[in-house]
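Per-entry structural report
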Amino acid sequence: MRIRQRILLASFLSLPLLPARQIAVEGTVLDPSGRPVNGARVECAGRAAVTGLDGRFSLPGVQRCEATVSAPGFAPGRVSLLAAAPARIELALAVLAERIVVSATRRESSVEEAGVAANVVTGADFERRQFPMVSEALRELAGVHVARYGRPGSLTQVFARGAQRTGALVLIDGVPVNDPGGEVNLATLSSAFFERMEVVRGPESALFGAEAAAGVIQLFTRRGDPERRLPRGSLSYERGSFQTDRWVASLAGGSGARLDYALGAEQFHSVGEFPNDYFRNTSGSANVGLRFSPATQARVIFRGADAIVGTPNQVGYGIINYDARQMNRDALLAVRLDDARGRNYAQRLAFGYHRLRETFLDNGVGGPYTLAALVRDVATPAPRVHMVGLVDPNLPPSLIPAGTRFVKRNFAFWPSDPYVTLVSRRNLDYQGTLTGAGGATVFGYEYERQQGDITGREAGRDNHGLFAYRQHNVAGRVFLSGGVRLERNSVFGAKLAPRGAASFRVTGERGPLAQTFLRLSAGRGITEPSLLQNFARDPWYVGNPGLRPEKTASFEAGLVQEWFARRLRTEISAFDNYFRDLIVFVFLPFPEPSTWRNVEASRARGLEFSAETRLGSSLSLAGSYTRMRTRITRSSSPNSLFTGVGQELARRPGSSGAVSLSWMPRRFWFQTGAVLMGERQDQDLFGVTRNPGYQNVYAALTLRLHRRLSPFVRVDNVLNSRYHEVLGYSNLSRSVTGGLRVEW
């Protein structure tokens, strides 16, 4: 008995010596879509914590407090925290959200501090506009021009600030999807399952290497919520004009704090308005993340797409190929490991793979055609040819109006052998980010293997890239950034790509002015030759392994002004781009085979203006305008009316713009907008070199009948305009689609 009493007494006396469970307030900070917010600052009871990659925070030694939560791009929030109840804090977006991008500096940074011209398009923006394809959203951005060869599914090219169509690097979760050499077709890139798109205008080769000569377009796949054990899903179906239908299904969730996933599948189908004008695009996406610890996580992303499209040719001129078609199969894989070593160093190891197979079939069914047109020649400001209209090929000479010229052409299709292209890119890269007082340094190494089936034989080359980039903050008013990349290619050798920028916070809050930023930047971009241009071996043409990469020298100044407590933001940018060593195909005298050479040069300079404002809690207005002057300064055919010296660059308009209005009360979303395109240089079979301007107006409405049920409708080409984005390739007439989305 006494022994038992002594044991109990000793146990009681030793209780204060046992470590007690530490009191702490904990929680997770989320954005309106339920995604964790990294880098949010939580302050309460004189203490502060910053959320990690999973949005979690912990404040030890605090039982209860009133906390302030803040994060870039979000409105500050206040919340009561209690140690016994982990908090789930959802932040609302700021009145005009601060624009945070990764693509400008390879780390999260505000657009103003990075010293770049950039836009951010969120998943909510895609959803409100009901854009099935990514290219439709690009049309509304300043300095970016999209040219599509007719209807949905046709070849779709993008031009950034007057550069070649190969000058913009397109990335999906860090993996390049351009063909080696920069060619990219956005026709099948669906907007489904992307949570954001960043568009940076200006050379980014200092960070991303060859092909980012004039800009970067990066898309980020939607993630799941690790806290949501019960999956969140959605299913939508729509149908409309031209027997168009589209279904989209998605499922996202997690398993505790360690696993998150987001899965999706989609199919778009349309018969089209013209014969052989069909388009079917099927795609799928999977994004799976695994958190090993608060500092270390892995992520695997897969995207696949399969498409077939009819190519009826120049239907705007009545030329129809009833048989030609193209089939595409696309696969992308991204594997990434993120690791934080303390508060000041983060590292990333990533592997990427992209493979594209394209098959073109044409049995030459259709025609022959005899066509005629009246054209008008203009001598100033440069020799040009304008289309007056199509006419009867048998038009009597007496009926030809004065000042016009009659042009007659015969056109026929011929059967061709199947044409198959197969290209792939594999890359492995390491990136380190060291942060400290006043700024951060990003550095890394990237290896890429490029391969393709070129004129019936396997060809490949290797790229090695070393880069370093520094951002420095001086007293919160001056933001300096700059870096350089050494790109070594197994074919063209070593090239340097530098970039530097300075951004100044000129004013803070002062009367109607919220804050003012002035930026200056300069950079050099490079675009490598394509595999075909390097390695082709054909009886009629051969590749040129001695080609140099195309070069871009760019200078920019910009002014960003926020007004009226950040309810209005305006931005104006001036740029001057010089393009040299441009690669063109050169016909050589027989029997020497033709090839490619670095012989051309051009220049593009212009002004970009954009504005966005919130008019109350539910109404917003945005607009953009680009004025650009382009000129060919050196040409392989200096007297050509299309590509001669002094002529404008093809498909880059002198004036272009867009405007959009969003109204988002609680029960519905209404979005309307217009894309405005000015006259531009182009070419067709009649020798016409000018393409008239056009406007395309759209409207979209989504009703919130129930939190799980949303019918929607969209009208494209509201004014039923007829125009050619590329001469001869007509657009679709007015179309209406409607559908229903179910969420759970």
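Residues numbered from 1 in each chain as written. Predicted model: local features only at pLDDT ≥ 70, side-chain atom pairs only at ≥ 80, totals over all residues. Heavy atoms only, no water.

1. Section: the sheet that holds strand β6 (residues 77-82)
As summarised here, the arrangement of the 4 strands in space is β3-β2-β5-β6, forming an open sheet in which the pairing is antiparallel. A single partner strand is all that each edge strand has here, and the edge strands are β3 (47-50) and β6. Neighbouring strand axes in the sheet, compared pairwise and without regard to direction, differ in orientation by 25° on average. Bridge count between strand β2 (residues 41-44) and β3: 4 bridges; the pairing is antiparallel. Considered in β3, the bridge of Val42 is made with Ala49. (Pairing = 2+ DSSP bridges. Helix = DSSP H or I, 4+ residues; strand = E, 2+ residues; numbered from the N terminus. Axes fitted to C-alpha atoms, helices over the stretch in contact; angles between N-to-C directions.)

2. Points about unusual backbone geometry
Gly367 connects to Pro368 through a cis peptide bond whose omega is 0°. Cis geometry is adopted by the peptide bond preceding Pro591, which originates at Phe590 and carries an omega value of 10°. If you trace the backbone, Pro591 turns up in the loop between β34 (568-586) and β35 (595-614). Even without being a glycine, Gln130 presents a positive backbone phi close to 60°. Of note, Gln130 is situated in the loop between α3 (123-129) and α4 (134-138). Unusually for a residue other than glycine, Arg161 sits at a positive phi of about 50°. The residue Arg161 is located in the loop between β12 (156-160) and β13 (168-172) in this model. According to the relative accessible area criterion, Arg161 is buried, its value standing at 1%. (Buried < 20%, exposed > 50% of the residue type's maximum accessible area, 1.4 Å probe, protein only.)

3. Thoughts on a nonpolar patch on the surface
A contiguous nonpolar patch, built from Leu235, Leu251, Leu263, Val288, Leu703, Leu705, Leu709, Leu740, Val742 and Trp744 and spanning about 790 Å² of accessible area, is present on the exposed surface. Along the polypeptide, Val288 turns up in strand β20 (residues 279-293). Its relative accessible area of 33% is what places Val288 among the partly exposed residues. (Patch = residues over 30% accessible without salt bridge, like charges linked within 9 Å, V, L, I, M, F, W, Y side chains within 5 Å. Areas by Shrake-Rupley, 256 points an atom, 1.4 Å probe, with all protein chains shown as cover. Salt bridge = Lys/Arg side-chain N within 4 Å of Asp/Glu carboxyl O.)

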